[in-house]
Amino acid sequence: MSTRKPQSFTIEYSGLVNMLKSECGICKGYNPRTDTGEHPQVESFLALWDTGATGSVITKNVVDKLGLIPTGFTKVYHANGDCTVNTYLINILLPNKVGFHSLRVTEGVLNGADVLIGMDIIARGDFAISNSNGKTKFTFQIPATHDFDFVKEEITKAHTPIVASKVPGRNDPCTCGSGKKFKHCCGKDN
């Protein structure tokens, strides 16, 4: 269990959206607890949140604007196949000062954003999306403190949970309504 004080933010969109985006700040990798010297300049970029991405990605624009130097390279897999790309060490500051330091990211090509927030960040906290009253809202918090379970929530409200139907026994009436025993109808070995 983490002793870190929870940090969170919420973004609400008017209308239903199919992409979650937020502003974020990025600077060269810097650990404020151990690194000495002046904190690197933080620049603002638009980020796209993607639960289908294993790791976070930055574009060449971010690399050039911050003067980042590659820390290595790695093979990445994407919709068009795979390739080898540079890796970088950055700090990222999400809305409401929710931050991560010394994060290893890869360089890639993105459409409509300069940063892709992947599961390397999302999995560290609570992440929820709701679509209600014609609006999309997403919220994120680190460290994770919630245990979301909508089925358990419904059971607590005394609703009947959805349960998979029982497979009929060989001598039970067939579920197709023929009146035959299951073993002589739909359950017959072919």
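What this report covers is the structure whose coordinates are included nearby. Owing to the predicted nature of the structure, the values given are computational and were not obtained by experimental measurement. (Residues numbered from 1 in each chain as written. Predicted model: local features only at pLDDT ≥ 70, side-chain atom pairs only at ≥ 80, totals over all residues. Heavy atoms only, no water.)

### Points about the overall build of the protein chain
Scanning the protein chain from N- to C-terminus turns up three helices and ten strands. Helices (α) and strands (β) of the protein chain occur, in sequence order from the N terminus, as β-β-β-β-α-β-β-β-β-α-β-β-α. On C-alpha atoms alone, the protein chain measures out to a radius of gyration of 24 Å, which is more than a quarter above the 16 Å that the 2.2 N^0.38 rule sets for 190 residues. Taken over the C-alpha atoms alone, the protein chain extends approximately 80 × 40 × 35 Å along its principal axes. (Helix = DSSP H or I, 4+ residues; strand = E, 2+ residues; numbered from the N terminus. Rg over C-alpha atoms; globule rule 2.2 N^0.38 Å.)

### Some points on the packing of aromatic side chains
Under the criterion given, the structure shown has seven aromatic pairs. Taking 5.8 Å as the distance between ring centres and 85° as the angle between the ring planes, the aromatic pair formed by Phe 9 and Phe 138 counts as edge-to-face. With a gap of 129 residues between them, Phe 9 in strand E1 (residues 7-14) and Phe 138 in strand E10 (residues 135-142) connect regions that are remote in the sequence. Grouping residues by exposure puts Phe 9 and Phe 138 together as buried. Ring pairs connect the aromatic residues Phe 9, Trp 49, Phe 127, Phe 138 and Phe 140, which therefore count as one cluster. (Phe/Tyr/Trp six-rings, centres within 6.5 Å; stacked < 30°, edge-to-face > 60°. Buried < 20%, exposed > 50% of the residue type's maximum accessible area, 1.4 Å probe, protein only.)

### Let's talk about the nonpolar core
With 29 residues, the main nonpolar core has Ile 26, Ile 92 and Leu 94 as its most contacted residues. Not counting chain neighbours up to four residues away, the residues in contact with Ile 26 comprise Gln 41, Val 42, Glu 43, Phe 45, Ile 58, Val 62, Leu 66, Ile 90, Asn 91, Ile 92 and Val 115. (Core = buried A, V, L, I, M, F, W, Y, C linked by side-chain atoms within 4.5 Å. Contact = heavy atoms within 4.5 Å.)

### Topic: the sheet that holds E1
Hydrogen bonding along the main chain pairs the strands of a sheet, whether they run parallel or antiparallel. With antiparallel pairing, the three strands of this open sheet are ordered in space as E1-E10-E9. Where the open sheet ends on each side, the last strands, each with one partner, are E1 and strand E9 (126-132). Strand after strand, the sheet turns through a mean of 10° between neighbouring axes, direction not considered. Judged from the eight bridges that link them, E1 and E10 form a sheet pairing that is antiparallel. Each bridged residue has a counterpart across the sheet, and for Tyr 13 the counterpart in E10 is Thr 136. (Pairing = 2+ DSSP bridges. Axes fitted to C-alpha atoms, helices over the stretch in contact; angles between N-to-C directions.)

### Details of the environment of Gly 81
Residue placement: Gly 81 occurs in strand E6 (residues 81-94). Measuring from C-alpha to C-alpha, the distance between Gly 81 and Leu 16 comes to 31 Å, with 65 residues separating the pair along the chain.

### Section: the pairing of strand E3 (residues 43-49)
In terms of strand pairing, strand E2 (residues 20-28) meets E3 through seven bridges, oriented antiparallel. The residue bridging Ile 26 from the neighbouring strand is Glu 43, located in E3. For E3 and strand E8 (residues 115-117), the ladder comprises three bridges, and the chain directions are parallel. When the bridges of E8 are listed, Trp 49 appears paired with Ile 117.

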